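Summary of structural features
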Amino acid sequence: MNHLFERIPDTLFSPLASANRRIYASLILDLYPLFFDQVHADVFPSRETVRQEIEERMAVMSMTWQDEPELDREPDNSPTLRAYHRLLSTGWLEEEVEGYRVRVTVPPAVGMLWSSLIEVARPDRVFYGGIVLSIFNNVQKACEEPEAQVLALRQAAREAQRFLQHLNTMIYGLKGLLEDIADFEDHRKVLSRFFEDFVERILVQDYKRLKTRNNPFRYRQQILQRVRELEYDLDRKKALVAGFLEQTGETDSEAAWEAINEDIRRLRGVFEQIDGHLARVDRYRSK
């Protein structure tokens, strides 16, 4: 955790603790696509573009800007410029001079944190069947061509970890919901509506299909079988390590062995536990 504070400015979260925290929170969410979802002719948006975007966003907000004494020294007292300078001074944004123009960029560590906040605030729909099928295909490639497809194994391990994290997040959400509605007289109806809207439609688009016979989730046993083959086949594991050293530029063979073993352990651990996690989701649902 200490490394986090070494990589981001100490003042980064101060706008979200100010009197205008709701405005800043909305701006942070709404400005994200401008920096990360668009391709600009000059790579980074201009200062004028960013300010105009802030002005347009604030114009449609129902929230009223409140005075911030620390910004009174700004020569222009418009809320747009105040908000822009606050995001600039606290480290969300950076200005970069390019010829006669000023471009606006985002520090790397802040960009990664920003992306994580977007995932929390606006969770995307997840298709569990598609994730499992992708993991299966990547593990299959690693088994068939271990040296050439070692990065497929690495990708499968990352997807498996995110899969498990997402499932656990859903379990915590369901647990919290049960606690919140414990005193409701008709909590069955509330829970049913929540599960349908929040879990099936938003978090897990294809949860119902996981219960059908013909769905990609049936590949989980084949994934486990292939992963165990990689775990105990020394020749294949040597090929994975050789491919890892060649494709990543790593020179430490011991580190390469550990990385491959960790990927295999992660895949095996996730798919050995997954049935129990799904059963826990069903228990919360049935309550």
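As the structure is a prediction and not an experimental result, all values here were calculated from the model.

Calculation rules
- Residues numbered from 1 in each chain as written.
- Predicted model: local features only at pLDDT ≥ 70, side-chain atom pairs only at ≥ 80, totals over all residues.
- Heavy atoms only, no water.
- Helix = DSSP H or I, 4+ residues; strand = E, 2+ residues; numbered from the N terminus.
- Expected span 1.5 Å × (residues − 1).
- Buried < 20%, exposed > 50% of the residue type's maximum accessible area, 1.4 Å probe, protein only.
- Contact = heavy atoms within 4.5 Å.
- Axes fitted to C-alpha atoms, helices over the stretch in contact; angles between N-to-C directions.
- Parallel < 35°, antiparallel > 145°, perpendicular 65-115°, else oblique.
- Left-handed = near helix turned anticlockwise from the far one by under 90°.
- Nonpolar A, V, L, I, M, F, W, Y, C, P; charged D, E, K, R; others polar.

**With respect to helix H5 (residues 108–121)**
If you check H5, its first and last C-alpha atoms are 20 Å apart, about what 14 residues at 1.5 Å a residue would give, namely 20 Å. For H5, the full list of buried residues reads Ala109, Val110, Gly111, Leu113, Trp114 and Ile118.

**What to know about the environment of Asp263**
Following the sequence through the fold, Asp263 ends up in helix H11 (residues 253–286). Looking at Asp263, the relative accessible area reads 2%, which means it is buried. Once the C-alpha coordinates of Asp263 and Gln155 are considered, the two residues, 108 residues apart in sequence, prove to be 9.1 Å apart. Setting aside residues up to four positions removed in sequence, Asp263 forms contacts with Leu153, Arg154 and Ala157.

**A closer look at the packing of helix H6 (residues 128–144) against helix H9 (residues 220–232)**
Think of two packed helices as two axes; the pair is described by the angle between the axes and how far apart they sit. Interhelical geometry of H6 versus H9 gives an angle of 30° and a closest axis separation of 10 Å. Overall, the two elements H6 and H9 adopt an arrangement that is roughly parallel. For the crossing formed where H6 meets H9, the hand is left-handed. Between H6, through Val132, Ile135, Phe136, Val139, Gln140, Ala142, Cys143 and Glu144, and H9, the contact on the second element is made entirely by Gln222, Ile223, Arg226, Val227 and Leu230. The class makeup of the residues in the contact of H6 with H9 is 9 nonpolar, 2 polar and 2 charged.

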